[in-house]
Amino acid sequence: MISRGRSAEEPVTRGTIIAEYDCCAMQADMVVRGGVIYTLDATKPRARRLAVSGGQIVACDDASLDELIGPRTRVIDLAGKAVVPGFIDAHIHFGSLALARRRVDLDPAATLQQGLAILRAFSQQQSAEAWLRGRGWDRNRWGKLPTAAELDSAVGGRRAALSSHDGHSLWLSSAALRAAGIDRDTRDPPGGLIERDEAGAPTGVLFENAQELLRGHVPQVGDDDVRDAIRAALPLAASAGLTGIHNLEDSRSSRAFEALESAGELTLRVHHGVSRSELRDAREKGLRTGAGGEWLRVGPVKLFSDGALGSRTAHLLEPYEGRQADGYRGVPTLKPEELEADMRLAADAELDVAVHAIGDAAVRAVLDAYEKTRATYPPMAERMLRIEHAQLVHPDDVPRFARLGVVASMQPIHATADWRAADAHWGRRARHAYAWRDLLVAGATLAFGTDAPVEQLAPLASLYAATARVDPTGEPKGGWYPEQRLTLEEAVRAYTIGSAAAERTSTRGSLCPGKDADFVVLAPDPFSRPPEALRETRVELTVVGGRIVFEAMP
Ligand SMILES: [Zn+2]
C-alpha cells in the first residue's frame, strides 16, 4: 500500500522558502537563464530566469540571480529556448505501455525476411533465458506459414512464442516446442491443430486450441516483470517531457511503482488510480485520494460507464448514424443506481472518482449521478469527479462541468486519430465532439493526457492535435471543427496546471517560488510560432524535483 505522507491538499509553506532565500547567502542547485520561462503563474506569466534549490523553485523572475550562483550551481543557458512546467499526463496506462515495449511487434514486417530481421535485433537485447514474446506475423502478408527453423535462425536457441496478427495461431521456436513437450507424438487437441511436416514432426505453428499446449510453460507476467518493464520505460517518458502521470491501472502496477519509489528509481510523479475491484476494501486499506508521498500518491477510483467510439459501444442520447431503424444507441456499462452506489463507496473511502464516459448519454448519466449523490450524501460534496474522455458532450451538459466542479480529462490525440469514425458514427453531432473550446469557455477545468498505449505518449503530438485539430498527415485540411482549437498556452495549461488540479496538487503545474522544480526545456520556443512548428519542437531537458532526468541539449 502507498505509505501515508503529506496529503495533496496540504498547503505549501511558501513564506518559509522565500524567507530563506531572502535572508541567507544561498547557493542554488540550478539556475536556468537565457530564454523565456512560461510560468503559467498569473502573477508573473513570463520570466527570464529561474533558480532551483532542494528540489523546489526558489526564484523565478527577471533579476540576474547571479548572487545564487556558486561553485556547485549548474547553470543552464537556454539560448533562446522555452521553459514550461513539466507535462502531466492525466490519463495513461503505463504498465501496459511498458509491457508492450518488451514484446516484439511484427505488424510492420511486410515479409518473412523483414520479420526475421526485427526478431534478430530484438532478441539481441533480451537475455538468453527469457521467453521472447510478441505478435503480428501474418501468413497472408508473408505468403507462407513460417517455421521453427526460420525462427531459430533469428533468435538462436531462445524460447520464442509469437502470436499471429489475428491471435488465432502461435509460431514457436524449436526450444519453445521442446519446453512445451510438443513433438511428433503429441496429438492435436480438440479444436486445435499442430502444423506438421510429411514425417509428422511439428514445424512450429499451433492453430486455435493447440495454442493451449503452451499454457503452464510460458511464465506468467509477475510483479517483478511489471516493475522491470516500467523501470525500462521511464526514460521514454522523461525524454517526452513527462514529469507526472495519472496512471489508471490496477494494484499490480501500483505495487510496481511502490517498489520503484522505495528504491528511489522513479523519474516522474505518479498519481495512481484505484480499480473498481478494489473499491469495496478501499476504506479498510486506507486507499484515500492524496495519500502517499512526493512521488507516489493514491489517485481516484476509476469506473466505466460506457464503451468506445470505434466499436460503436459509446452510449448515445440518439441512435448511431444509420441506426434509426433499430434505435441502437450503444452500451451503458453501469446502471444509474450502480454508479451512485459506487460514488457513495468512494466518498466513504475519501476517494475521488474518475469515470470513463465517451458518448453524450454516458456523460449525462455520470453528471446526473454525481449531482444527485452530492445532494443526498454529504461526504460526496468533498469528492472531486473527473470525466475521462468526455468525447461527446451534449451542449446542455457543457455548463454543468464548471457548475459542479467536474474536471474534463481529455485526450486531444483521440480527436485527430478518430475524426473519421466520429463523422461516420455520430454525424452532425460530431460538432460537439472533443469540444475543448466549448468546455473551456464554459469555465470547465481541462486535464490533458494520451490514453497511451492506445495512443503515443508524446505530449508534443497531443499539443499539436489540440491546437491544429489535424492528423499527422494534415487531414482534414483547415482542422476538424476548427472552432474547437485551443491556443498553445491553453493546451499547455491543460497538460500541466489542469492535470495538477485534477489531482488537487497546488505545488505543481506552474512555476513560481515554492513550487516543485518540475519543468522541461522546449526547442525551438514554439509559443511565437504557428501550430505546425510543434511538429519540429523537441524536448531538450526534463527536470523533476530539481533533478535532471533527461538531457539532450546540444
Ligand atoms: Zn484509458
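Preceding block: the structure.
Undergrad: I keep staring at the overall build of the chain and nothing clicks. Help me out?
TA: Per the secondary structure count, the chain includes 16 helices and 22 strands. Scaling as 2.2 N^0.38, a compact globule of 554 residues should have a C-alpha radius of gyration of about 24 Å, and the chain matches this with 26 Å. Taken along the three principal axes of its C-alpha coordinates, the chain extends 85 × 65 × 55 Å. Here the chain holds 554 residues, and 55% of them are scored as buried. Sequence-distant contacts in the chain: of pairs separated by 6 or more residues, those separated by 24 or more amount to 73%.

Undergrad: What exactly am I supposed to notice about the side chain of aspartate 41 here?
TA: On the secondary structure map, aspartate 41 appears in the loop between β1 (30-38) and β2 (46-53). By relative accessible area, aspartate 41 is classed as buried at 14%. Once you skip the residues sitting within four places of it in the chain, aspartate 41 turns out to touch Ser510, Leu511 and Cys512.

Undergrad: Help me out: how do you make sense of the sheet that holds strand β6 (residues 87-92) in this one?
TA: Remark on secondary structure: sheet strands pair via backbone hydrogen bonds, oriented parallel or antiparallel. An order of β6-β13-β14-β15-β16-β17-β18-β19 is seen for the eight strands of this open sheet, with the pairing classed as parallel. One side of each edge strand has no neighbouring strand; the edge strands of this open sheet are β6 and β19 (445-448). Mean inter-strand twist for the sheet, computed between neighbouring axes without regard to direction, equals 25°.

Undergrad: It is not clear to me how the packing of helix α2 (residues 94-101) against helix α7 (residues 223-239) should be interpreted in this structure. Could you clarify?
TA: At a minimum axis separation of 8 Å, α2 and α7 run at an interaxial angle of 95°. By the angle between their axes, α2 is roughly perpendicular relative to α7. Taking contact as the criterion, the partners of Phe94, Gly95, Leu97, Ala98, Leu99 and Arg101 in α2 are, on α7, Asp225, Val226, Ala229, Ile230, Ala232, Ala233, Leu234, Leu236 and Ala237. The class makeup of the residues in the contact of α2 with α7 is twelve nonpolar, one polar and two charged.

Undergrad: What exactly am I supposed to notice about unusual backbone geometry here?
TA: Across residues other than glycine, the phi torsion is negative in most instances, and most of the peptide bonds are trans. A cis amide bond, omega 10°, links alanine 452 with the succeeding residue proline 453. In this model, glutamate 475 is joined to proline 476 through a cis peptide bond whose omega is -10°. With respect to the helices and strands, the residue proline 476 is situated in the loop between α15 (459-468) and α16 (488-502). Positive phi outside glycine occurs at glutamate 350, with the angle close to 60°.

Undergrad: In this structure, what is going on with the state of the cysteines? I would like to understand it.
TA: Taken as a whole and judged by the stated rule, the model has zero disulfides. The structure places no disulfide on cysteine 60, whose sulfur is separated from the nearest cysteine sulfur, that of cysteine 512, by 7.5 Å.

Undergrad: Explanation requested: α2 in the structure shown.
TA: Residues three or four positions apart in an α-helix share a direction because the helix packs 3.6 residues into each turn. Along α2, the positions that sit buried rather than exposed are Phe94, Gly95, Leu97, Ala98 and Leu99. Along its buried surface, α2 packs onto β6, α7, β13 (242-247) and α8 (251-262).

Undergrad: Help me out: how do you make sense of the coordination of the zinc ion in this one?
TA: Put simply, a metal with four donors set out as a tetrahedron has ideal angles of 109.5 degrees, and one with six donors set out as an octahedron has ideal angles of 90 or 180 degrees. At this site the zinc ion is bound by His91 (NE2), His93 (NE2) and Asp451 (OD), with donor distances of 2.0 to 2.2 Å. Between consecutive donor residues of the zinc ion, the sequence gaps follow H-x1-H-x357-D.

Quick notes on the rules
Residues numbered from 1 in each chain as written. Predicted model: local features only at pLDDT ≥ 70, side-chain atom pairs only at ≥ 80, totals over all residues. Heavy atoms only, no water. Helix = DSSP H or I, 4+ residues; strand = E, 2+ residues; numbered from the N terminus. Rg over C-alpha atoms; globule rule 2.2 N^0.38 Å. Buried < 20%, exposed > 50% of the residue type's maximum accessible area, 1.4 Å probe, protein only. Contact = heavy atoms within 4.5 Å. Pairing = 2+ DSSP bridges. Axes fitted to C-alpha atoms, helices over the stretch in contact; angles between N-to-C directions. Parallel < 35°, antiparallel > 145°, perpendicular 65-115°, else oblique. Nonpolar A, V, L, I, M, F, W, Y, C, P; charged D, E, K, R; others polar. Disulfide = S-S within 2.5 Å. Donors = N, O, S within 2.8 Å, 3.2 Å for Na, K, Ca; no water.

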